[in-house]
Amino acid sequence: GSASVRACGSASVTACDSASVRASKLVAVHKHSARAKISGGVVLDHTGVEKFSADEWCEYHGVKVSRGVATLYKAVNDEWTTSRGVDYSPGSKPACNDFSDTDACGGGLHFGPTPAHALSYFPEATKFVAVGVRVSELRPINGGPAKAKAPRVVSACVEVDIHGKEVT
């Protein structure tokens, strides 16, 4: 919010809204608002994230991309579905018929850059799947924990653990 922070040593600070930060030479300051006032430190500017293209969003979140296909994650229940009823059973390639090519929530299949991000949107989940989505069809969604949407999965769902490692 409008907090004032003085940071030194090995501190790390996230500056949002109209925060004011005074940091010593080697403090990492993550700037998430153009209104934040920062003096000193090593400023890591995140203020343009909401304007990132799908490629930039994948790079920013460390998403693996191979041959134009991004590996993203979905949190699901014991029946391999979500609260919306879409089936993400291993081996399946779900698709939707209501895709909306905007950066707003809704109108598409939603995914996180990690299983932990996906879990934040479905805390009741008991399982996770990795999916392949074409970067050219991927639309980052602004606001809240990182997520993006797409009209379909092009590489079949694979069960993974919370760390993204395949479950055999």
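Residues numbered from 1 in each chain as written. Predicted model: local features only at pLDDT ≥ 70, side-chain atom pairs only at ≥ 80, totals over all residues. Heavy atoms only, no water.

### Quick look at the sheet that holds strand β9 (residues 139-141)
Alright, step 1. The three strands lie next to each other as β7-β10-β9, forming an open sheet whose pairing is antiparallel. The open sheet has two edge strands, β7 (109-111) and β9, and neither has a second partner. Each neighbouring strand pair of the sheet contributes to a mean axis angle of 35°, computed without reference to strand direction.
Alright, step 2. Pairing of β9 with strand β10 (residues 147-150) involves three bridges; the strand directions are antiparallel. Residue pairing for β10: R139 is matched across the bridge by K149. (Pairing = 2+ DSSP bridges. Helix = DSSP H or I, 4+ residues; strand = E, 2+ residues; numbered from the N terminus. Axes fitted to C-alpha atoms, helices over the stretch in contact; angles between N-to-C directions.)

### Let's talk about the packing of aromatic side chains
Alright, step 1. Considering all chains together, one arrives at two aromatic pairs under this definition.
Alright, step 2. Both rings, one in F52 and one in Y60, keep their centres 5.5 Å apart while their planes meet at 70°; by these two values the pair is edge-to-face.
Alright, step 3. Of the residues examined, F52 reaches a relative accessible area of 26% and is grouped as partly exposed.
Alright, step 4. Residue class for Y60 comes out partly exposed when judged on its relative accessible area of 34%.
Alright, step 5. Note on Y88 and F111: the rings are 6.3 Å apart at their centroids and 90° apart in plane angle, and the pair reads as edge-to-face. With a gap of 23 residues between them, Y88 in the loop between β6 (69-76) and β7 and F111 in strand β7 connect regions that are remote in the sequence. Here the two residues Y88 and F111 agree in accessibility, since each one is buried.
Alright, step 6. Looking at K149, its charged tip hangs above the ring of F99, at a distance of 5.9 Å from the centre. (Phe/Tyr/Trp six-rings, centres within 6.5 Å; stacked < 30°, edge-to-face > 60°. Buried < 20%, exposed > 50% of the residue type's maximum accessible area, 1.4 Å probe, protein only. Lys NZ or Arg CZ within 6 Å of the ring centre and 35° of its normal.)

### Digging into the sheet that holds strand β11 (residues 155-160)
Alright, step 1. Strand order across the open sheet formed by four strands is β5-β6-β8-β11, with antiparallel pairing between neighbours. Only two strands of the sheet have a single neighbouring strand rather than two, namely β5 (65-66) and β11.
Alright, step 2. The pairing of strand β8 (residues 127-134) with β11 spans four bridges and is classified as antiparallel. Bridge pairing in β11 links V129 to E159.

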